[in-house]
Amino acid sequence: MNIQDILAKLQAPHEKLPYEVLKAAIADREQIIPELLQLIEWAQGEQDYLWENPDYLGHIYAMYLLAQFREKLAYPLIIEFFSSFDDEDEPTDNLGRILASVCGGDDSLIKGLIENEKAYKYARGEAIGALVSLVTCGEKTREEVLAYFQALFREKIKREPSNHIVWNYLIRHSTALYPEEVYEDIKQVYADKLAESWIISLEHVESQLALGKERVLKRLSGKYSLIDDVIASLKSGIYSFKTEEDEQVSKTLFELTLNTGDLPRDALTKAIALREPVTPRLLKFLESQEEHADEMRGKENLMLHIYALYLLAQFREQRAYPIIVNFFSLPGDISVETTGDVVTEGLHRILASVYDGDDTPLKGLIEDANVNEHVRSAALKSFVVLVVCEKKSRKEIMAYFQSLFKGKLEKPSPPVWTSLVNCSADLYPEEVYEDIQQVYADGLVEGIEIDEVQKNYALGKKKALKKLNTNPQYTLIKETIKEMQNWACFKKQKEAPRFSELRTGPKIGRNDPCSCGSGKKYKKCCG
């Protein structure tokens, strides 16, 4: 494929992402760069054409390719394009990452776009995100970017309701950097009614502050990375290159979003049949829940995250392991309040089903005093499941349990100590029997008498382990539908409201962030 063929095909309408054309462009990098630069220059003078032909994406492909190439000559061209373009349908998704990828560490033009009151407001918001991307890649420090954000809050952005889009973006990107230095400024923006709390609320900002700086900053690499792979970035759903299979997946996940009073057997069966395309979507959704967990409190009708846990466990999806651990390591009761009885009834089996061979995340849950006690107990039980399914040896796990008895577990924490005693008793407690006696003497166990432990001990090791291997609570997740079919929440409740009836705030604009928390624009998500 020669250069002219590549250019012609990049500019032609596509129903599917043009993989081969993009690969050919990447392969001919040196020759294609001048042509891509010209394509962006041409687009600047053809706004009427772009407005009349919304399926034309040649200039967008050019921006993504030049971002992957780290082409600095594209920097002023892209800035100029979005400084003068004001069509609400012009794609700006990932513009921040694109700008950060082509600027070579020079943020002057990015700041110029942010402060340009005449520029496209969504582009100004994305440019704010570009500075966060520069922090992620090490070109800027968090402190210098937040100092600039503080100047934006206090003087560089007009305090007018017409700038609400820019204010929303500034709050969102400040929150991503852990906003302790600008928290008072953010509060003042809400007090002055300059931002829209139904898009990003002050409560959400405060919930992120409560999580701590280290945890919040950990997320930056995923959301604010530079463009390293054009195809992967475009494939993420931004431009709606939807195949029939994609549409089936979207429909299936929509049907799993709310509890209507009946177990959605058909939708779950479809999700299982579509395992390969469904899995990345479930992983991405679960990953997003950690950031938005506080907003899910009290919304008992939401079910997709619960189905995701069980389906990924059934699929033995090891990529889910760190995501699930991260979610349930949220401090306090957030994870329990958003997942209900899953924590006490199934989490230990879910964790064991997605386990990737690394004990460190599980041990981290168990030993972290800030994690909910029932979550820590479930993590302990997951080790017993791993012994039963022969992924860990009894000897190894009992040695770890002994280290917990000897000092790794803080006192007091009765639910966790009780779980440790239970798990040790089920695995046959010969190595830790004296430790268990001491724990009872210290009054750290509740809800189980020492007689129960002694009864299991008296069985003898062989009989005790045989009993353990037939205990259904120590099995992996095999069939999601069977696991959930008798749940009380599926005993026919009042019909759940449709999505269109759930909105309590103002009407969502097509270019506003979707209220589901995906981070995408409404028109590219639930709209």
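Let me sum up the structure you'll find in this document. (Residues numbered from 1 in each chain as written. Predicted model: local features only at pLDDT ≥ 70, side-chain atom pairs only at ≥ 80, totals over all residues. Heavy atoms only, no water.)

## Some thoughts on the overall build of the chain
Then, in step 1: For the chain, the helix and strand inventory stands at 33 helices and zero strands.
Then, in step 2: Its C-alpha radius of gyration of 27 Å places the chain within 12% of the 24 Å reference for a compact globule of 527 residues.
Then, in step 3: The C-alpha extent of the chain, read off along each of the three principal axes, is 85 × 50 × 50 Å.
Then, in step 4: Taken across its 527 residues, the chain has 52% of its residues classed as buried.
Then, in step 5: For the chain, contacts bridging at least 24 residues in sequence account for 74% of all contacts bridging at least 6.
Then, in step 6: As presented, the chain carries roughly 24500 Å² of accessible surface, and 48% of it is formed by carbon and sulfur atoms.
Then, in step 7: The average position of the 67 basic charges and that of the 83 acidic charges among the side chains of the chain differ by 5 Å. (Helix = DSSP H or I, 4+ residues; strand = E, 2+ residues; numbered from the N terminus. Rg over C-alpha atoms; globule rule 2.2 N^0.38 Å. Buried < 20%, exposed > 50% of the residue type's maximum accessible area, 1.4 Å probe, protein only. Contact = heavy atoms within 4.5 Å. Areas by Shrake-Rupley, 256 points an atom, 1.4 Å probe, with all protein chains shown as cover. Lys, Arg positive; Asp, Glu negative; His and termini not counted. Charge placed at Lys NZ, Arg CZ, Asp CG, Glu CD.)

## Structural notes on the packing of aromatic side chains
Then, in step 1: The final tally for this structure, using the stated rule, is 16 aromatic pairs.
Then, in step 2: Judged by centre distance (5.6 Å) and plane angle (65°), the ring pair of Trp 42 and Tyr 56 falls under edge-to-face. Highlighted residues: Trp 42 in helix α3 (residues 29–44) and Tyr 56 in the loop between α4 (47–52) and α5 (58–68), separated in sequence by 14 residues.
Then, in step 3: Ring geometry for Tyr 428 against Tyr 457: centres 5.3 Å apart, planes inclined by 50°, an arrangement best described as tilted. Placement of Tyr 428 in the loop between α28 (414–426) and α29 (433–441) and of Tyr 457 in helix α30 (residues 450–459) is noted, with a sequence separation of 29 residues between them.
Then, in step 4: Overall, the relative accessible area of 28% leaves Tyr 457 in the partly exposed class.
Then, in step 5: Taken together, the ring pairs in this structure connect Trp 42, Tyr 49 and Tyr 56 into an aromatic cluster.
Then, in step 6: The ring of Tyr 148 has Lys 111 sitting right over it, with the charged end atom 4.6 Å from the ring centre.
Then, in step 7: The ring of Tyr 400 has Lys 363 lying over it, and the distance from NZ or CZ to the ring centre is 4.7 Å. (Phe/Tyr/Trp six-rings, centres within 6.5 Å; stacked < 30°, edge-to-face > 60°. Lys NZ or Arg CZ within 6 Å of the ring centre and 35° of its normal.)

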